Structures are given as C-alpha cells and as structure tokens.
Amino acid sequence: MFQTKNPSGDLAPKYDLLAKQLDALLEGELDNVSNLSNASALLNQFLENINWCGFYLVKNNELLLGPFQGLPACVHIPLGKGVCGTVAQSKQTLIVEDVHAFPGHIACDSASQSEIVVPIIVDNVLYGVLDIDSPIKGRFSKDDQAGLEQFVSVLTDHLYL
C-alpha cells in the first residue's frame, strides 16, 4: 500500500507520491496525535539514511516532543535554541549539513550528523516543526527540502488547532 525506502533518482515524483499517500492515510481522521504518528511512521519508511524523524510541537512558549520514530529524544527545546528552536523562531526551513558545526546544536542522538527541520504552520499559527536527522553529513538536499515542505503542506490540511 505504501512505498517504502526511497531509491536514488529524481526525488520530485517520489515526494509527490509520498504526499498523496499521506493525504490518503490521514483522510477523515481528526485526531492530531494519530495523524502526526502516522506521518512520522510513513516518513520513516520512505526516507533512506535517517536515524530520527518526528515532530516538536509548540506548547507553553517552547517546543515539546511529539510523535516520532527513532531513539528517545530531548523533550523540551526553547524557542530560538538548537536547529528546531531556530526554525520555530524564523519559520523557515533549515538544512544543516554538519550538526556539529551548528552553533548551539542540541544533540539528542550522538549518531546524528545532518538535519533538516521544516516549520509547521496551521491557520497562520506556528504549530511545531518536522525534524529529521541522518547519520550521514550532507544527507539532505534542496530536493528533499521541497519534498518535505510539500509533505508538511499536506499534513497541515489534517491538523487542527
């Protein structure tokens, strides 16, 4: 039913398919935790060479750990701190080719070498961020960014404030 691990090649059609799969998977479900849980599981199946993917959600003026796939993670991240907090503050996607070179990086998994974080905005309000880590430096491309922003756009149609 769902495409697994993403082989090499042109990523745009693969991310298009992933977005369609996400939309179908979440159709009719109104529970945000369920939708975020299935979204992280779908990403974990689709993406190669990642060691963590999931969500941090805005709560009480900080980011709080949400549904994810991977090792246990940091629970609280202040806005403006680390890669996730920086994205939450700027509301702009950020690709970090080498997390060890990022000032103030918050290391939850010592295997992580690179990271992409995409803001999630619902009804013009920052809802949280999608965070994906890889054990490979330079893992994420502009094509991944475009595909993951498309994924988040579909996801926001299934999230409720």
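All of these numbers come straight from a predicted model, not from anything done at the bench.

Caption draft 1: How the structure looks around the overall build of the protein. A count of helices and strands for the protein gives 4 helices and 6 strands. Seen in sequence order, the protein has helices and strands lined up from the N terminus as α-α-β-β-β-α-β-β-β-α. Relative to the globule expectation of 15 Å for 161 residues, the C-alpha radius of gyration of the protein, 14 Å, shows essentially globular dimensions. With 161 residues in all, the protein has 47% of them scored as buried. By sequence separation, contacts in the protein at least 24 residues apart represent 54% of the contacts at least 6 residues apart. About 7700 Å² of surface is accessible on the protein, with carbon and sulfur atoms providing 52% of the total. Within the protein, one finds 9 positive and 19 negative side-chain charges whose respective centroids are separated by 5 Å.

Caption draft 2: Geometry of the packing of helix H2 (residues 32-46) against helix H4 (residues 142-156). Contact geometry for H2 and H4: axes closest at 12 Å, N-to-C directions at 155 degrees. The orientation of H2 relative to H4 falls into the category roughly antiparallel. Seen from above, H2 lies across H4 with right-handed handedness. In this structure, H2 uses Asn-35, Leu-36, Ala-39, Leu-42 and Leu-43 to contact H4, whose residues at the interface are Leu-148, Phe-151 and Leu-155.

Caption draft 3: Looking closely at the environment of Gly-85. Note that Gly-85 resides in helix H3 (residues 82-90). Sequence-wise, Gly-85 and Val-152 are 67 residues apart; in three dimensions their C-alpha atoms are separated by 17 Å. Among residues more than four places away in sequence, those in contact with Gly-85 are Leu-63, Ile-77, Pro-78, Leu-79 and Gly-80.

Caption draft 4: How the structure looks around unusual backbone geometry. Located in the positive-phi region is Asn-49, a residue other than glycine, with phi close to 60 degrees. Inspection of the secondary structure puts Asn-49 in the loop between H2 and strand S1 (52-59).

Caption draft 5: The arrangement of empty space enclosed by the protein in detail. In total, this model carries 1 cavity of 30 Å³ or more according to the counting rule given. Taken together, 17 residues line the largest cavity, and the ones lying closest to its centre are Ile-106, Cys-108, Glu-115, Asp-131 and Asp-133. By residue number, the principal contributor to the lining of the largest cavity is H3, which donates 3 residues. When grouped by side-chain class, the residues that make up the lining of the largest cavity number 9 nonpolar, 3 polar and 5 charged.

Caption draft 6: Representation of the pairing of S1 in the model. Most of S1 is tucked away, with 6 of its 8 residues classed as buried. The pairing of S1 with strand S2 (residues 62-70) spans 7 bridges and is classified as antiparallel. By the bridge assignment, Gly-54 is partnered in S2 with Phe-68. Hairpin geometry of S1 and S2 is characterised by an intervening segment of 2 residues between the two adjacent antiparallel strands and by a positive phi of about 50 degrees at Asn-60.

Caption draft 7: Molecular detail of the sheet that holds strand S5 (residues 114-122). Across the sheet, which stays open at both edges, the 6 strands sit in the order S3-S2-S1-S6-S5-S4 with antiparallel pairing between neighbours. One side of each edge strand has no neighbouring strand; the edge strands of this open sheet are strand S3 (76-78) and strand S4 (94-96). Within this sheet the neighbouring strands show an average axis-to-axis angle of 25 degrees, counted without direction. Judged from the 3 bridges that link them, S2 and S3 form a sheet pairing that is antiparallel. Its bridge partner being in S3, Leu-63 is matched across the sheet by Ile-77.

Caption draft 8: Quick look at the side chain of Asp-131. Positionally, Asp-131 belongs in strand S6 (residues 125-134). Arg-139 is the oppositely charged side chain nearest to the buried, salt-bridge-free Asp-131, at an N-O distance of 13 Å. Apart from residues no more than four positions distant in its own chain, Asp-131 is found in contact with Trp-52, Cys-53, Gly-54, Tyr-56, Cys-84, Glu-115, Ile-116 and Val-117.

Cut-offs and rules
Residues numbered from 1 in each chain as written. Predicted model: local features only at pLDDT ≥ 70, side-chain atom pairs only at ≥ 80, totals over all residues. Heavy atoms only, no water. Helix = DSSP H or I, 4+ residues; strand = E, 2+ residues; numbered from the N terminus. Rg over C-alpha atoms; globule rule 2.2 N^0.38 Å. Buried < 20%, exposed > 50% of the residue type's maximum accessible area, 1.4 Å probe, protein only. Contact = heavy atoms within 4.5 Å. Areas by Shrake-Rupley, 256 points an atom, 1.4 Å probe, with all protein chains shown as cover. Lys, Arg positive; Asp, Glu negative; His and termini not counted. Charge placed at Lys NZ, Arg CZ, Asp CG, Glu CD. Axes fitted to C-alpha atoms, helices over the stretch in contact; angles between N-to-C directions. Parallel < 35°, antiparallel > 145°, perpendicular 65-115°, else oblique. Left-handed = near helix turned anticlockwise from the far one by under 90°. 1 Å grid on protein atoms, 1.4 Å probe; cavity = no way out; pocket = protein on both sides within 12 Å on 5 of 7 lines; lining within 4 Å. Points joined across faces, edges and corners; volume = space filled by probe spheres on them. Nonpolar A, V, L, I, M, F, W, Y, C, P; charged D, E, K, R; others polar. Pairing = 2+ DSSP bridges. Salt bridge = Lys/Arg side-chain N within 4 Å of Asp/Glu carboxyl O.

Remember that the coordinates give geometry; whether it matters functionally is a separate question.
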